[in-house]
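Below are the chains, spelled out letter by letter.
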Amino acid sequence: MKVEVKKVDALKRELKFEIPREKVTETMDAVYNEIGKHAKVKGFRPGKVPRHILITSHGQLAKDETIKKIIPQAYHDGVGQHQLNPIDMPEISDVNLKDGVLTFTATLDIHPDVEISKYKGINVERKKSEVTEEEVLKTLEFFKKGRTDQEITIDDNFAKGMGFPSLEEFKTALKRQLESDRDRNNRMDIENQIVEELLKNAKLIVPQSLVKRQLYHRINEALKRLKSQGLNDEELKKKAEELQTQLEPSVEREVKIYLVLEEIGKLEKITVTDQNESLPGKVMEFLLKEAKWTDTK
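Quick notes on the packing of aromatic side chains
Under the counting rule described, the total for this entry stands at three aromatic pairs. Plain terms: the ring middles of Phe17 and Phe104 are 4.5 Å apart, the flat faces sit at 5° to each other, and that makes the pair stacked. Pair noted here: Phe17 is in strand S2 (residues 12-19) and Phe104 is in strand S4 (residues 101-109), with a separation of 87 residues, a long-range link. On the accessibility criterion, Phe17 (2% relative accessible area) is buried. By relative accessible area, which is 2% here, Phe104 ends up buried. For the ring pair Phe158 and Phe170, a centre distance of 6.1 Å and an interplane angle of 50° mean the geometry is tilted. Taken together, the residues Phe158 in helix H4 (residues 156-161) and Phe170 in helix H5 (residues 167-201) connect sequence positions twelve residues apart. Residue Phe158 is classed as buried on the basis of its relative accessible area of 6%. Overall, the relative accessible area of 4% leaves Phe170 in the buried class. Cluster of aromatic residues (ring-pair linked, three or more members): Phe158, Phe164 and Phe170.

This is the structure:
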């Protein structure tokens, strides 16, 4: 097997494969043997159809199956031979089986080198999660305004109407909920602080194949929702173009963050053993433990 590797840009590689006649013949013989076991040809029992008859009746099928069998293995061997580290599935093109020789081209992005100068001991500021009595009372006023059809007094009867024995117990539960919400928002804020610092300290080229794949997925999900709302094909096409422009910067950022977190996972030998876990999530937990926390006044 011959493999020529061409460097298209910093990450993209173009591999031209040439599979020799001997390998193609060997694979095609095996394919014809398999087809012959089940082929139904008038005048012959299954497994007894002569090869020249199979070539006439199932030649295109045999050719297609031979190509399907050879390309994945040849690609795998070629990538290993040239010590490439693909980051995504390749784009296969220019497939040609002529005079017993198979040629094809595989275009792929390799995994970028990720340099991260600092990721331990990142300074983060934690906002207070405590909720004051005044904030609880303001929230109660929102409940009151939500019932504008009648005069409302914030008292025990009001609390009972909300499913609580007394106003004090309602206020206590409300305070807990507000603090839980604030704590969750504060956690997200701290994670964002860490991410911003990581991006400042990281150097890498973002593979556009990953960006395109993620962008395609996000746009398709959005279009499904819009289609269910009754948008026609022309409107969906226009919306897809708008979404492409709107989402591309954020998707590229997401891919970059993922690659940085993945690199930290490698450096710290962090692995995922549970299917409910994610590598970025585990790496973020590690970074939160390593961060230097200060509370805002």
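From this point on, the discussion continues.
Some thoughts on the pairing of S4
Extensive coverage of S4 is indicated by the burial of seven of its nine residues. Relative to S4, S2 runs antiparallel, the two being bridged by eight bridges. Pairing of Glu14 across the sheet is with Thr107, part of S4. A loop of two residues connects strand S3 (residues 91-98) with S4, the two strands running antiparallel in sequence, and Asp99 in this loop sits at a positive phi of about 55°.

Focus on the side chain of His58
As for its placement among the helices and strands, His58 is situated in helix H2 (residues 51-81). Reaching out from His58, the side chain makes a polar contact with the side chain of Ser57 at a distance of 2.7 Å. In this view, His58 contacts Tyr32, Ile35, Ala39 and Val41; residues no more than four positions away in its chain are not counted.

Side note on helix H3 (residues 133-145)
With 13 residues, H3 should reach 18 Å at 1.5 Å per residue; the first-to-last C-alpha distance of 19 Å fits that figure. Buried within H3 are the following residues: Val136, Thr139 and Leu140. Down the axis of H3, the smallest arc covering the buried residues is 105°, so these residues share one side. Of the exposed residues in H3, those oriented more than 90 degrees away from the buried face are Glu134, Phe142 and Lys145. Along its buried surface, H3 packs onto H4 and H5.

Some remarks on the sheet that holds S3
In space, the four strands of this open sheet follow the order S1-S2-S4-S3, with antiparallel pairing throughout. Across the chains shown, the open sheet's two edge strands, defined by having one partner strand only, are strand S1 (2-7) and S3. For this sheet, the mean inter-axis angle between neighbouring strands, taken without regard to orientation, is 10°. The sheet strands contacting helix H1 (residues 21-38) are S2, S3 and S4, and the helix crosses S2 at an angle near 75°.

Let's talk about a negative patch on the surface
On the surface, a cluster of negative charge is made up of Asp233, Glu234, Glu235 and Glu241. For Glu235, the location among the structural elements is in helix H7 (residues 233-267).

Conventions and cut-offs
- Residues numbered from 1 in each chain as written.
- Predicted model: local features only at pLDDT ≥ 70, side-chain atom pairs only at ≥ 80, totals over all residues.
- Heavy atoms only, no water.
- Phe/Tyr/Trp six-rings, centres within 6.5 Å; stacked < 30°, edge-to-face > 60°.
- Helix = DSSP H or I, 4+ residues; strand = E, 2+ residues; numbered from the N terminus.
- Buried < 20%, exposed > 50% of the residue type's maximum accessible area, 1.4 Å probe, protein only.
- Pairing = 2+ DSSP bridges.
- Polar contact = N/O pair within 3.5 Å; in protein donor to acceptor, adjacent residues only side chain to side chain.
- Contact = heavy atoms within 4.5 Å.
- Expected span 1.5 Å × (residues − 1).
- Arc of directions from axis to C-beta.
- Axes fitted to C-alpha atoms, helices over the stretch in contact; angles between N-to-C directions.
- Patch = residues over 30% accessible without salt bridge, like charges linked within 9 Å, V, L, I, M, F, W, Y side chains within 5 Å.
- Areas by Shrake-Rupley, 256 points an atom, 1.4 Å probe, with all protein chains shown as cover.
- Salt bridge = Lys/Arg side-chain N within 4 Å of Asp/Glu carboxyl O.
- Lys, Arg positive; Asp, Glu negative; His and termini not counted.
- Charge placed at Lys NZ, Arg CZ, Asp CG, Glu CD.

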